[in-house]
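The chain contents come next:
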Amino acid sequence: MENKINSFSHGHDQNKFQVRKLEQSDKSKGFIELLQQLSVCDSVSDKEFEERFQELSSLGDDHVICVIEDDQLQKIIATGSVLIEKKFLRNCGKVGHIEDVVVDSSARGLQLGKKILEFLAEHARSSGCYKVILDCGSENQGFYEKCGFKHKEIQMVRYFV
């Protein structure tokens, strides 16, 4: 793995990898292909991407997707999102839900996942959330614990498709 990281970061300063919000042009930079490393994600046409991008943009700061781009490769190499849930509990409090965190397989080990999580958690905190939560597989639990998350309760799911 050392060689992969060294070859990937050759000529790069990992501090140059900046987190920013998703842009419409990121589709052509491998954003959908990156999501395919995480879960089922069929091809998305340019029109479908534009329509979903506009729909999510209309939600403002209540749904933020962030990315890290390798500027030399013009490729999206990390992403994640946070949704802000408005509740009646906790004096009409808010909860941030982190979703879809993935780092390109060629860029793992560069602390990019941690950067994504810090960006998303800070967005939730600055939006007034009293907590931020996420679901992960047991194989990723250690990573999230190193990033300050704690194991709590059990996730349940019911799929419709």
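Our structure is the block above this text.
Now for a quick tour of the structure. (Residues numbered from 1 in each chain as written. Predicted model: local features only at pLDDT ≥ 70, side-chain atom pairs only at ≥ 80, totals over all residues. Heavy atoms only, no water.)

1. A closer look at the state of the cysteines
The full count for this structure, using the stated rule, is zero disulfides. You can see cysteine 41 has no disulfide; the closest cysteine sulfur is in cysteine 66, sitting 16 Å from it. As a non-bridged cysteine, cysteine 92 has cysteine 129 as the owner of its nearest cysteine sulfur, 14 Å distant. For cysteine 92, a relative accessible area of 53% puts it in the exposed group. (Disulfide = S-S within 2.5 Å. Buried < 20%, exposed > 50% of the residue type's maximum accessible area, 1.4 Å probe, protein only.)

2. Structural notes on the pattern of salt bridges
Here the structure, examined in full by the defined rule, presents 13 salt bridges. We note a salt bridge from lysine 152 to glutamate 153, for which the minimum N-O separation is 3.2 Å. In this structure lysine 152 comes out as exposed when scored by relative accessible area, which is 60%. (Salt bridge = Lys/Arg side-chain N within 4 Å of Asp/Glu carboxyl O.)

3. Focus on the side chain of histidine 63
Tracing the chain through its elements places histidine 63 in strand E2 (residues 63-70). Judged by relative accessible area, histidine 63 falls into the buried class, the value being 16%. (Helix = DSSP H or I, 4+ residues; strand = E, 2+ residues; numbered from the N terminus.)

4. Observations concerning the layout of surface pockets
The computed volume of the second largest pocket comes to approximately 850 Å³. As for the second largest pocket, its lining consists of 23 residues, and the residues nearest its centre are Ile133, Leu134, Lys150, His151 and Lys152. Residue contributions to the lining of the second largest pocket peak at four residues, all from strand E5 (residues 129-134). Counted by class, the lining of the second largest pocket contains nine nonpolar, seven polar and seven charged residues. (1 Å grid on protein atoms, 1.4 Å probe; cavity = no way out; pocket = protein on both sides within 12 Å on 5 of 7 lines; lining within 4 Å. Points joined across faces, edges and corners; volume = space filled by probe spheres on them. Nonpolar A, V, L, I, M, F, W, Y, C, P; charged D, E, K, R; others polar.)

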